[in-house]
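# Chain and residue survey
Here's the letter readout for the chains.
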Protein chains: 2
Amino acid sequence: MVLGFGVFMAEALMSYQAPLLPWLTRQGRKTVHWVLHSLALLCIALGLLAAYKSHSLKLPVPIPNWYSPHSFLGLTTMALLAVQFVVAASAYLYPGASLAFRLALGPLHKFSGKAVWVMGLAAIATGLQEKTSFLQTGKGLKGDQLYSGIVRLPAVAMVLLALLGLVVLYH
Amino acid sequence: MVLGFGVFMAEALMSYQAPLLPWLTRQGRKTVHWVLHSLALLCIALGLLAAYKSHSLKLPVPIPNWYSPHSFLGLTTMALLAVQFVVAASAYLYPGASLAFRLALGPLHKFSGKAVWVMGLAAIATGLQEKTSFLQTGKGLKGDQLYSGIVRLPAVAMVLLALLGLVVLYH
Ligand code: HEM
Ligand code: HEM
Ligand code: HEM
Ligand code: HEM
Ligand SMILES: O=C1O[C@@H]([C@@H](O)CO)C(O)=C1O
């Protein structure tokens, strides 16, 4: 999940304006953009599968699926991401739409692309919070223990996540 | 918090392009914009005070402050919000900056304004998740109980929150 949204998609979003390889032509940047998005999608799909299996295969009793606020946000994000990907791939890649349609789609594709990426970051944020709360209450952490690495690490990760969002969207 | 970010700031962000009172002049819209932001700031400051007091006044033992990922994200957001407000108020309102400076500030003010608002929504999302996890583990909810209103309500609220973000930013 973090690899998908945090690394591949972040780089994919910057591949037009701030490419890692600045000598690439527009066609090259476009290829980087969709290949990275495809890798991100793969990571995210595997992440979902892992989350699902970790619930339904749990012994002795399976844990129910999709109950938490985090999972609702995550599922909504993935649904929108799938739409974004299918629409973009069929308009810009294969079979390809008319130039007029591409031009009209551009601004919407950029807005919805940024929006779904930010939703992914928010899903990560709620996932980190959920995991932290589980650890905290599971281990019954109190007082000074709340300032230990296990709680502080995700708290700092949260701030870095916000920074990542700001930097990528402003780039 | 929800009133501040979810209602007042949402409306403040829309007050230029999609005002509730469409006959307002640009000056009127500007006044609505900063008055709503001021109200939002007030709500948010009171919210912070309440969160702080609920920890430090807790009996028999105070709860530590600012340990969770949620609180780190919340504090970062509030710091940026304060900067945004002070810069905007002094440039656009009092004492007011030169026209050249205002024009240069415009795009940055819009970007950082949207960014800090989205961070506020993300803070709400993690807050909802934290509260839900506390309730869940505190009451030891399992199996079908995880689908009760107490867990489902925040899960649905999460999706509505994402929708609010999309609608306001796309307006
Ligand atoms: C650091 C990142 C993340 C962490 C620590 C994390 C943590 C967790 C945890 C603890 C669960 C099990 C509890 C529950 O069902 O709520 C879970 C489930 C889930 N997560 Fe995440 N998550 C992260 C990122 C994401 C992202 C980015 C998405 C989607 C965009 C996502 C989607 C889901 C979904 C859909 C479930 C429910 C699976 C099921 O119930 O079968 N997660 N996650
Ligand atoms: C699935 C996730 C995707 C997301 C989140 C996404 C997001 C974005 C964003 C944010 C931009 C603006 C970049 C900038 O201006 O710096 C962009 C541009 C673009 N994307 Fe995607 N994209 C996705 C998939 C795809 C796919 C599969 C293609 C197929 C080739 C594609 C083709 C393009 C093109 C052609 C542009 C430039 C549009 C223009 O300049 O009018 N995107 N994308
Ligand atoms: C529905 C919305 C919200 C809920 C349910 C919620 C819930 C909570 C809970 C349960 C705590 C105590 C546990 C902890 O310290 O992490 C808390 C603390 C805190 N919240 Fe929220 N919150 C919400 C919105 C926000 C927002 C929008 C912000 C800021 C932008 C924020 C900032 C904080 C801060 C800074 C603390 C730490 C206070 C301290 O430790 O003294 N919260 N919140
Ligand atoms: C503190 C939180 C604030 C946030 C989050 C914020 C956010 C925003 C956003 C998103 C816009 C773009 C609206 C649009 O294009 O539809 C905007 C425009 C504007 N805001 Fe703010 N604002 C804040 C405070 C203020 C204050 C205190 C003033 C003082 C009067 C102010 C003055 C303006 C002006 C003059 C514009 C129009 C800028 C232009 O068109 O170049 N803002 N604001
Ligand atoms: O597939 C593409 O369509 C156009 C489109 O983006 C126009 O808005 C473009 O430059 C591509 O690479």
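Okay, so let's go over this structure.

What counts and what doesn't
Residues numbered from 1 in each chain as written. Chains lettered and ligands numbered in written order. Predicted model: local features only at pLDDT ≥ 70, side-chain atom pairs only at ≥ 80, totals over all residues. Heavy atoms only, no water. Helix = DSSP H or I, 4+ residues; strand = E, 2+ residues; numbered from the N terminus. Buried < 20%, exposed > 50% of the residue type's maximum accessible area, 1.4 Å probe, protein only. Contact = heavy atoms within 4.5 Å. Areas by Shrake-Rupley, 256 points an atom, 1.4 Å probe, with all protein chains shown as cover. Donors = N, O, S within 2.8 Å, 3.2 Å for Na, K, Ca; no water. Least-squares fit on C-alpha atoms with pLDDT ≥ 70 in both. Expected span 1.5 Å × (residues − 1). Near = heavy atom within 4 Å. Polar contact = N/O pair within 3.5 Å; in protein donor to acceptor, adjacent residues only side chain to side chain. Nonpolar A, V, L, I, M, F, W, Y, C, P; charged D, E, K, R; others polar. Axes fitted to C-alpha atoms, helices over the stretch in contact; angles between N-to-C directions. Parallel < 35°, antiparallel > 145°, perpendicular 65-115°, else oblique. Left-handed = near helix turned anticlockwise from the far one by under 90°.

Moving on, we get to the overall build of chain A. Along the backbone of chain A there are 5 helices and 0 strands. Start at the N end of chain A and walk to the C end: the helices and strands fall as α-α-α-α-α. Projected onto its principal axes, the C-alpha positions of chain A cover 60 × 35 × 25 Å. Out of the 171 residues in chain A, the part that is buried amounts to 39%. Partitioning the intrachain contacts of chain A with sequence separation of at least 6 by distance along the chain shows that 65% fall at a separation of at least 24. Here chain A has roughly 9300 Å² of accessible surface; of this, 75% comes from carbon and sulfur atoms.

The protein supplies the iron atom of ligand 1 with one donor atom, His70 of chain A (NE2), which lies at 2.1 Å. Considering the arrangement of structural elements, one finds histidine 70 of chain A in helix H3 (residues 69-93).

This part is about the relation of the copies chain B and chain A. Superposition record for chain B on chain A: RMSD 0.0 Å, screw rotation 180°, translation along axis 0.0 Å. Such values leave the two copies arranged in the relation of a two-fold axis. For chain B, the residue whose C-alpha comes nearest the rotation axis is threonine 126 of chain B, separated from it by 2.4 Å. The share of interface residues of chain B whose copies in chain A are also at the interface is 100%, consistent with both copies meeting through the same surface.

All names here are of chain B. When the terminal C-alpha atoms of helix H2 (residues 26-56) are compared, their 45 Å separation across 31 residues agrees well with the 45 Å that a helix rising 1.5 Å per residue should span. For H2, the complete set of buried residues consists of Gly28, Arg29, Lys30, His33, Leu36, His37, Ala40, Cys43, Ile44 and Gly47. Elements in contact with the buried residues of H2: helix H1 (2-14), helix H3 (69-93) and helix H4 (99-138).

Turning next to the site of ligand 1. Residue and element names in this part refer to chain A. With respect to spatial proximity, 23 residues lie near ligand 1, and among them Asn65, Trp66, Ser68, His70 and Glu130 are the closest. Here a nitrogen atom of ligand 1 and a side-chain polar atom of histidine 70 are 2.9 Å apart. Taken together, the elements giving at least two residues each to the shell around ligand 1 come down to helix H1 (2-14), helix H2 (26-56), H3 and helix H4 (99-138). Of the residues forming the shell around ligand 1, the biggest block, 7 residues, is contributed by H4. Class assignment for the residues of the shell around ligand 1 results in 13 nonpolar, 8 polar and 2 charged.

Of note, the bond from leucine 59 of chain A into proline 60 of chain A is cis; its omega dihedral lies within 30 degrees of zero at -5°. Relative to the helices and strands, proline 60 of chain A is located in the loop between H2 and H3. Following tyrosine 94 of chain B, the chain continues into proline 95 of chain B via a peptide bond in cis, with omega recorded as 5°. Tracing the chain through its elements places proline 95 of chain B in the loop between H3 and H4. One non-glycine residue with positive phi stands out, namely tryptophan 66 of chain A, at about 55°. We classify tryptophan 66 of chain A as partly exposed; its relative accessible area is 39%.

Before going further, it helps to spend a moment on the packing of H1 of chain B against helix H5 (residues 149-170) of chain B. All names here are of chain B. Taken N-terminus to C-terminus, the directions of H1 and H5 make an angle of 20°; their axes are 9 Å apart at the nearest point. The orientation of H1 with respect to H5, classified from their angle, is roughly parallel. Handedness of the crossing formed by H1 with H5: left-handed. Here H1 contributes Gly6, Ala10, Leu13 and Met14 to the contact with H5, which in turn contributes Leu164, Val168 and Leu169. Each residue belonging to the contact of H1 with H5 can be placed in one class, and the counts come to 6 nonpolar, 1 polar and no charged.

With that settled, consider the packing of helix H5 (residues 149-170) of chain A against H3 of chain B. For the pair H5 of chain A and H3 of chain B, interaxial distance at closest approach is 7 Å and the crossing angle is 40°. Considered as vectors, H5 of chain A and H3 of chain B are oriented oblique to each other. In this structure, the crossing between H5 of chain A and H3 of chain B has a hand that is right-handed. When H5 of chain A is examined against H3 of chain B, the residues Val151, Arg152, Pro154, Ala155, Val156, Met158, Val159, Ala162 and Leu166 of chain A are found in contact with a partner set consisting of Pro69, His70, Phe72, Leu73, Thr76 and Leu80 of chain B.

Our focus in this paragraph is H3 of chain B. Compared with an ideal rise of 1.5 Å per residue, which puts 25 residues at 36 Å, H3 of chain B spans 35 Å between its outermost C-alpha atoms and is within 8% of the ideal. Taken together, the buried positions of H3 of chain B are Pro69, Ser71, Leu73, Gly74, Thr77, Met78, Leu81, Gln84, Ala88, Ala91 and Tyr92 of chain B. Close packing links the buried residues of H3 of chain B with H4 and H5 of chain A together with H1, H2 and H4 of chain B.

Below, the discussion takes up the environment of tryptophan 34 of chain B. All names here are of chain B. Its location among the elements puts tryptophan 34 in helix H2. The class of tryptophan 34 is partly exposed, set by a relative accessible area of 35%. As a C-alpha pair, tryptophan 34 and proline 62 span 28 residues in sequence and 37 Å in three-dimensional space.

On to the site of ligand 3, then. All names here are of chain B. In the vicinity of ligand 3, 22 residues are found, and the nearest of them are Asn65, Trp66, Ser68, His70 and Glu130. Here an oxygen atom of ligand 3 sits 3.0 Å away from a polar atom, N or O, in the side chain of histidine 55. Listing elements by their share of the shell around ligand 3, those giving two or more residues are H1, H2, H3 and H4. For the shell around ligand 3, the element with the highest residue contribution is H4, accounting for 6 residues. Taken together, the residues of the shell around ligand 3 break down into 13 nonpolar, 8 polar and 1 charged.

Purely geometric stuff here, so don't read any function into it on its own.
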